[in-house]
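# Architecture and fold: a report
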There are 2 protein chains.
Amino acid sequence: MVVAVSVPGENGSVATASAATVPAEGVSTLTDDVVASAAACDDARLRFVFETLVRHLHAFVEEVELTSDEWLEGVRFLTATGHKCDEYRQEFMMLSDTLGVTSLVDEIAHRASTGASESSVLGPFYTENPPGVAHGESIAAPGCGVPLDVRGHVRDADGAGIAGAALDVWGTDGDGLYDSQHSEHVVDCRGRVRTTEDGSFAFKTVVPQSYSIPTDGPVGAMLQRLGRHTFRPAHLHFRITAEGFAPLTTAIYAAGDPYLASDAVFGVRTSLIEEFRHGDASGTATLERDFTLAKTGAT
Amino acid sequence: MVVAVSVPGENGSVATASAATVPAEGVSTLTDDVVASAAACDDARLRFVFETLVRHLHAFVEEVELTSDEWLEGVRFLTATGHKCDEYRQEFMMLSDTLGVTSLVDEIAHRASTGASESSVLGPFYTENPPGVAHGESIAAPGCGVPLDVRGHVRDADGAGIAGAALDVWGTDGDGLYDSQHSEHVVDCRGRVRTTEDGSFAFKTVVPQSYSIPTDGPVGAMLQRLGRHTFRPAHLHFRITAEGFAPLTTAIYAAGDPYLASDAVFGVRTSLIEEFRHGDASGTATLERDFTLAKTGAT
């Protein structure tokens, strides 16, 4: 209930305030007031997210006793981050990545034990419907890196092979660049393979390289001021779909990579580290890796 | 110390990981890893702000168990907020205002008891060096609202008048608009007056009106989804400076305004509510109000 009360002003005039939300002098109810402002919201989930965000945001500001200058710097940083976003660049997603938020959201989404392989962040370089290649064929143009043979199986939680699963695969070339980062925008080191009757798959590509995320924006400047490097360990992305199974978005990280323990976007999970074996007579490296999918609706 | 350990991969191959920061399977050290990523930062304050932000941000995501779709909506919202910002519009500042963060930062900055009048948010309509007007003269063009006589004193903490203090004053016209919101951009309802020898000041303007903050951007859409209105109670802004005293940015809110208890930007403080007295024979309203400044460096 809102109750009108009278309080004396500095000149002895009478001011009318509402006792419900205008606090008594010196007593701050600010955080509660902001939380209460969404009381009429009819979307219960949105209200809960808003209220929780406000409480944590205010707790942060309180704990560091954020100054006016720091606040203004924060507003300018967020504005510059927004201005850096366009059709080809998502600086806010990169901010989320480098603060570990993207990885945390992914972790929460896959926390329930379904028996499936662990997931990893999709990242900004995925494209839908990559070109299909036949079993054993190459997704990479000749000469764009060290040749890599990749093979394995896609299985269900009981270990049975899944026939006809589609694996969308993408990775960097030998220069540590994705195809979309080249000015020509020619599809390369990217394709879709399908499993055979016994659930096995095989394709050729090149050994992916560790690489720096873009550093020419506000997030790059932030990382520099924080004394952080901007590299991701070498990895190969997989997005695996099969009828009746939950899609799996994951990546396989190269064992021994110097950035495994300090991935700029915190995407590495121990179960996703695998050796890219080098050194057969032809100079071709090999990656063997199986994946497990969970049935749709499994928890 | 970083220790290399071997863990078996799904195919029996050997993967090398770094025990210091790549967690054991199923055990998340993500938040700690992100916090630790700034360990080499040589700016202790920045590192503390970063670490605290990461902990609170992750705690928020954990508490609401933010979904991938909600995360994507958040990224899009922040991007749109950035794209709405230009030379004339600061949508991120408005986001901060409507989340109560601006008011909280202001509250923290003025928490120490200096004896000064309470402060309030500067807002987006302040301009430096407004036109000066003589004691008792008007800052408003004729006919742009209900005439208002404003008078009072600027005093030090001991009650002595401060001579030569500058008061930058700005408010809405009778239509609830600031001068900069009119397409002509003619300065109006805005000016600088100075106190006389005894610390008194007097000027004429028009009675300010409650008004809606801009609603044609992402923040307006957010407030609508939250079931919140977008109005600020009527108020007159003051920024008061005098040599030897800490500047005071504040506003006087009109007693009886229907939005006092639900200010869209949470700027109202009880001590800043004052009656705008209506109804002398000429139709002119009156506001009497004193301000107290704290000496520079007073705590």
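Everything quoted here is computed from the prediction, not taken from an experiment. (Residues numbered from 1 in each chain as written. Chains lettered and ligands numbered in written order. Predicted model: local features only at pLDDT ≥ 70, side-chain atom pairs only at ≥ 80, totals over all residues. Heavy atoms only, no water.)

### Describing the packing of aromatic side chains
Describing an aromatic ring pair means giving the distance of the ring centres and the angle of the ring planes. Under the definition given, this model contains 17 aromatic pairs over all chains. Considering the side-chain rings of B:Y178 and B:Y211, the 5.4 Å spacing of their centres and the 90 degrees angle between planes classify their relative orientation as edge-to-face. Of this pair, B:Y178 sits in the loop between β4 (166–171) and β5 (190–194) while B:Y211 sits in strand β7 (residues 211–212), placing them 33 residues apart in sequence. This pair shows no difference in class: B:Y178 is buried, exactly as B:Y211 is. In textbook terms, an aromatic cluster arises when at least three aromatic residues are bridged by ring pairs, as seen for A:F201, A:F203, A:F238 and A:F291. Seen from the ring of A:F291, A:R289 lies directly overhead, with NZ or CZ sitting 5.9 Å from the centre. (Phe/Tyr/Trp six-rings, centres within 6.5 Å; stacked < 30°, edge-to-face > 60°. Helix = DSSP H or I, 4+ residues; strand = E, 2+ residues; numbered from the N terminus. Buried < 20%, exposed > 50% of the residue type's maximum accessible area, 1.4 Å probe, protein only. Lys NZ or Arg CZ within 6 Å of the ring centre and 35° of its normal.)

### Details of the relation of the copies chain A and chain B
With an RMSD of 0.1 Å, the operation that places chain A on chain B is a rotation of 180 degrees combined with a shift of 0.0 Å along the axis. Here the two chains are linked by the operation of a two-fold rotation axis. Considering only C-alpha atoms, the residue of chain A closest to the rotation axis is A:G82, which sits at 1.9 Å. Most of the interface of chain A is mirrored in chain B, where 100% of its interface residues again form contacts. (Least-squares fit on C-alpha atoms with pLDDT ≥ 70 in both. Contact = heavy atoms within 4.5 Å.)

### Some points on the pairing of strand β3 (residues 147–155) of chain A
All names here are of chain A. The alternating pattern of β3 places L148, V150, G152 and V154 on a buried face and P147, D149, R151, H153 and R155 on a face that is not buried. With 7 bridges joining them, β3 and strand β6 (residues 200–206) adopt antiparallel strand pairing. Paired with P147 across the two strands is V206, which belongs to β6. Sheet topology note: the β3/strand β12 (residues 285–288) ladder contains 4 bridges and is parallel. Counted as the bridge partner of V150 is L287 from β12. Across 2 bridges, the pairing between β3 and strand β13 (residues 291–292) is parallel. When the sheet's bridge partners are listed, R155 is paired in β13 with T292. (Pairing = 2+ DSSP bridges.)

### Examining the environment of B:G100
Structurally, B:G100 is set in the loop between α4 (91–98) and α5 (101–109). For B:G100, a relative accessible area of 0% gives the class buried. Counting along the chain gives 37 residues from B:G100 to B:E63, while the straight-line C-alpha distance between them is 21 Å. Discounting chain neighbours no more than four positions away, the residues touching B:G100 are A:L30, A:V34, A:H58 and B:F266.

### Thoughts on the sheet that holds strand β9 (residues 235–241) of chain B
The strands that make up a sheet pair up through hydrogen bonds in the backbone, lying either parallel or antiparallel. Residues and elements named next belong to chain B. If you trace the 5 strands from one edge of the open sheet to the other, you get β5-β4-β9-β10-β11, paired in mixed fashion. With one partner strand each, in any of the chains shown, β5 and β11 (273–274) form the two edges of the open sheet. Alignment of β4 against β9, held across 6 bridges, turns out to be antiparallel. Bridging from a neighbouring strand, L167 pairs with I240 of β9.

### So, helix α4 (residues 91–98) of chain A
Counting buried residues along α4(A), 7 of its 8 residues qualify, which places the element largely inside the surrounding structure. For α4(A), the full list of buried residues reads A:E91, A:F92, A:M94, A:L95, A:S96, A:D97 and A:T98. If you follow the buried residues of α4(A), they end up packed against α3 (68–84), α5 (101–109) and α6 (218–225) of chain A together with α1 (30–36), α3 (68–84) and α4 of chain B. Two residues or fewer past α4(A), A:G100 is found with a positive phi of approximately 80 degrees.

### Some thoughts on the interface of chain A and chain B
Taken together, the contacts link 93 residues of chain A with 93 residues of chain B. With both chains or domains summed, chain A and chain B bury close to 8,100 Å², and 62% of this area falls on carbon and sulfur atoms. Scanning the region where chain A abuts chain B turns up 4 salt bridges. Between A:E62 and B:R111 there is a salt bridge, with its nearest N and O atoms 3.0 Å apart. Summed over the shared surface of chain A and chain B, the number is 22 residue pairs in polar contact (both at pLDDT 80 or more). Listed by contribution, the elements that provide at least two residues to the side of chain A that touches chain B are β2 (14–18), α1 (30–36), α2 (44–64), α3, α4, α5, β11 (273–274) and β13 of chain A. Among the elements that take part in the side of chain A that touches chain B, α2(A) stands out by supplying 17 residues, more than any other. Counted by class, the side of chain A that touches chain B contains 45 nonpolar, 28 polar and 20 charged residues. (Buried area = accessible area lost by both parts, 1.4 Å probe. Salt bridge = Lys/Arg side-chain N within 4 Å of Asp/Glu carboxyl O. Polar contact = N/O pair within 3.5 Å; in protein donor to acceptor, adjacent residues only side chain to side chain. Nonpolar A, V, L, I, M, F, W, Y, C, P; charged D, E, K, R; others polar.)

### What to know about the environment of B:V75
For B:V75, the location among the structural elements is in helix α3. In this structure B:V75 touches A:Q90, A:F92 and A:M93, once residues within four positions along its chain are discounted.

### Overview of α3(B)
Residue and element names in this part refer to chain B. Compared with the 24 Å implied by 1.5 Å per residue over 17 residues, the 24 Å span of α3 between its first and last C-alpha is a close match. The complete set of buried residues in α3 reads W71, V75, T79, T81 and G82. On an axial view of α3, the arc spanned by its buried residues comes to 160 degrees, and they lie on one face. Every exposed residue of α3 that faces more than 90 degrees away from the buried side is listed here: D69 and R76. (Expected span 1.5 Å × (residues − 1). Arc of directions from axis to C-beta.)

### Observations concerning the pattern of salt bridges
Within the structure shown, the criterion is met by 38 salt bridges over all chains. For the salt bridge of A:D32 with A:R55, the shortest nitrogen-to-oxygen distance reads 3.3 Å. Here A:D32 is found in helix α1, whereas its partner A:R55 is found in helix α2, with 23 residues between them in sequence. On the basis of relative accessibility, which here comes to 45%, the residue A:D32 falls in the partly exposed class. With relative accessibility at 42%, the residue A:R55 sits in the partly exposed group. It is possible to trace a salt-bridge network through shared partners that takes in A:E62, B:D106, B:E107, B:R111 and B:R269.

### Points about the sheet that holds strand β10 (residues 248–254) of chain A
Across the sheet, which stays open at both edges, the 5 strands sit in the order β5-β4-β9-β10-β11 (chain A) with mixed pairing between neighbours. Strands at the two margins of the open sheet, each flanked by one partner only, are β5 (190–194) and β11 of chain A.

### What to know about the nonpolar core
By size, the foremost hydrophobic cluster in this structure holds 62 residues, and its most contacted members are A:V61 and B:V61. When neighbours within four sequence positions are excluded, B:V61 is seen to be in contact with A:V101, A:L104, A:V105, A:I108 and B:L66. (Core = buried A, V, L, I, M, F, W, Y, C linked by side-chain atoms within 4.5 Å.)

### Here's the deal with the state of the cysteines
Evaluation of the coordinates by the stated rule reveals 0 disulfides over all chains. Free cysteine B:C189: the closest other cysteine sulfur is in B:C144, separated by 3.8 Å. (Disulfide = S-S within 2.5 Å.)

### Comments concerning the packing of α4(A) against α3(B)
The contact between α4(A) and α3(B) brings their axes to 9 Å, and the two run at 130 degrees. Between α4(A) and α3(B), the interaxial angle falls into the category oblique. Both α4(A) and α3(B) take part in a crossing whose hand is right-handed. Facing α4(A), whose interface residues are A:F92, A:M93 and A:S96, α3(B) presents B:W71, B:L72, B:V75, B:L78 and B:T79. (Axes fitted to C-alpha atoms, helices over the stretch in contact; angles between N-to-C directions. Parallel < 35°, antiparallel > 145°, perpendicular 65-115°, else oblique. Left-handed = near helix turned anticlockwise from the far one by under 90°.)

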